[in-house]
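# Coordinate analysis (summary)
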Amino acid sequence: MTGRLYGVGLGPGDPELVTVKTARLIGEADVIAYHAARHGRSIARSIALPYLREGQIEELLLYPLTTETTDHPGGYQGALDDFYADCAERLAAHLDAGRTVVVLSEGDPLFYGSYMHMHKRLAHRYPTEVVPGVTSVSAASAVLGRPLVERDEVLTVLPGTLPAEVLAERLRGTDSAAVLKLGRTFEKVRDALAEAGRLDDAWYVERATMGAERVAPLKDVDADGVPYFSLALLASPAERTFVPEPSSTEGRGEVTVVGLGPAGRPWLTPEAQDALAAATDLVGYGPYVDRVAPNPRQRRHRTDNRVEAERARHALELAAAGARVAVVSSGDPGVFAMASAVLEEAAAGFPDVPVRIVPGLTAAQAVASRAGAPLGHDYCVLSLSDLLKPWDVVADRLTAAAKADLVLALYNPASRSRTWQLAAARDLLLEHRDAATPVVIGRDVGGAQESVTVTTLGELDPAQVDMRCLLIVGSSTTQVTARGVVYTPRRYP
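Quick look at the structure, then. (Residues numbered from 1 in each chain as written. Predicted model: local features only at pLDDT ≥ 70, side-chain atom pairs only at ≥ 80, totals over all residues. Heavy atoms only, no water.)

### Comments concerning the environment of S385
Under the convention used in this document: Per the convention used, a helix needs a DSSP run of H or I reaching at least four residues, while a strand needs a run of E reaching at least two, with both numbered from the N terminus. Burial classes follow relative accessibility: with a 1.4 Å probe on protein chains only, a residue under 20% of its type's maximum area counts as buried, one over 50% as exposed, and anything between as partly exposed. The contact criterion used is simple: two residues touch if any of their non-hydrogen atoms lie within 4.5 Å.
By secondary structure assignment, the location of S385 is in the loop between strand 17 (379–383) and helix 13 (391–403). Using a relative accessible area of 12% as the deciding quantity, one classes S385 as buried. Expressed as a C-alpha distance, the spacing of S385 and A177, which sit 208 residues apart in the sequence, is 68 Å. Sequence-distant contacts of S385, that is, excluding residues within four places in its chain, are made with V394, N412 and R418.

This is the structure in structure tokens:
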């Protein structure tokens, strides 16, 4: 089997800007190849050094010339072509022997990099992969802290080796620009920037992210000693666009009532996540607020469970003062939760505060999904709590739903202070439902103590139910399979 060739980008110089993939490939390689000038010192190898391991084969690809003259019959380009051909055959010998070869490249391998000469000669002969790297242009923009391009602006990348008149023309016709390969071309590039009327905006960046990094206005740089690894940068013109200071937010806040779903983040919709992330204040029942990951930028207002009106008013007062308030509810905020309380208080005293409702997955849907499809046909959602409505109303609605042969999803079935209501509800339902009617008891669905029990209406034991439970009582058509899956057919007899 032949080996595999990798061209890997090392980034602009800081070894910590080497990608995880490149670092792994360097450590796993049989052969490490890198180019160097005739002095033999390789910047690429120095960047990769922390990731090399003992025993690796190193192939130094030493350029026969850089700016010198040559007596090669093909001239300068002929000498380089012969050099690249020789390097390619040296690497091919390792690949033919089944060795993995990694060719190191500063910046990105296919962005003015030496690796591309190996790629053109070997990629069609051997399995090859190129791993991109951070370019010097991106690094220069980062160390300057100035954007390259914004919106529909144009970035032009130019080699300093172009003729002066071409450089000036290209610089006049672009928004942003990077001119690479300065060194001996620096004075020509500076003159071209002046000719294009862009010199005052140009920055000089030398060895970006390296220890000898240097940044200065290009017009102030002395041409003597400018190295090859430097560039001229014209940042985005939009960088100078005036950005107004934030004005007062008073009276511009809003309240978003957010459904958290029945449990943790997997049950949270992307819209709800976005609303929570944008909020300046979180308001809600303490355990529900605690389900939102802390963010020190946000203020958290935890309250008791029985102060819905006060909680809603507090949220609206915060919004009236300019806050972006997320009022959190378990499940869906419109199902026995905070949406109606907030809207009621807003209508009474805060008509100018915008209120938005973000839905959530309900507890009834969550429990039904765990049991199968008991809500597959018409169903009714009822709360057994008689704290906000008389028990007579609860009883009348239970009876009506039972007579109508609706599946029932029963919220708030019991609590420490409400212990008799579920037994009373069961007895009412048994007046109109067979004792064998399937009942699903879902407790803490989605949470750490989740349990789902399938029983019957006749065998329902209220002692097994608490406030963390939701019950689904089937209709006359609800079925339970041999595997305990509960479903209500969509066809009615």
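### Brief notes about the sheet that holds strand 15 (residues 355–358)
To be explicit about the condition: The criterion for strand pairing is that DSSP finds at least two bridges linking the strands in question. For helices, the fitted axis covers only the stretch in contact; all axes are lines through C-alpha atoms, and the angles between them, taken along N-to-C directions, range from 0 to 180 degrees.
Taken together, five strands build an open sheet; the order of strands is 13-12-14-11-15 and the sheet is parallel. Pairing within the sheet leaves two strands with one partner each, and these edge strands are strand 13 (299–303) and strand 15. For this sheet the average axis-to-axis angle between neighbouring strands, irrespective of direction, equals 20°. Contacting strand 11 (254–259), strand 14 (324–329) and strand 15, helix 11 (residues 338–349) crosses the sheet at an angle of about 170° to strand 15.

### Brief notes about the nonpolar core
Put simply, the rule reads: Throughout, nonpolar core names a set of buried Ala, Val, Leu, Ile, Met, Phe, Trp, Tyr and Cys residues whose side chains join them through atoms within 4.5 Å.
Core analysis: the largest hydrophobic core is formed by 23 residues, its most contacted members being L398, L408, L410 and L471. Listing elements by their share of this core, those giving two or more residues are strand 17, helix 13, strand 18 (407–411), helix 14 (421–430), strand 19 (438–443) and strand 21 (469–473). The element contributing the most residues to this core is helix 13, with six residues. Not counting residues within four places of it along the chain, the set of residues in contact with L408 comprises C380, L382, L398, A401, L429, R433, L471, I472 and V473.

### Observations regarding unusual backbone geometry
One non-glycine residue, T209, lies in the positive phi region at around 75°. Counting through the fold element by element, T209 comes out in the loop between strand 8 (202–206) and strand 9 (214–217). The phi dihedral of N412 is positive, around 45°, even though this residue is not glycine. Topologically, N412 is positioned in the loop between strand 18 and helix 14.

### Examining the sheet that holds strand 17
The strand order across the open sheet formed by five strands is 17-18-21-19-20, and the pairing between neighbours is mixed. On the outer flanks of this sheet lie strand 17 and strand 20 (451–456), each paired with one strand and no other. Averaged over all pairs of adjacent strands, the angle between their axes in this sheet comes to 20°, without regard to strand direction. Sheet topology places strand 19 next to strand 21; five bridges connect them, and they run antiparallel. By the bridge assignment for strand 21, V440 is matched with I472. Contacts from helix 13 reach strand 17 and strand 18 within the one sheet, and its direction differs from that of strand 17 by about 165°.

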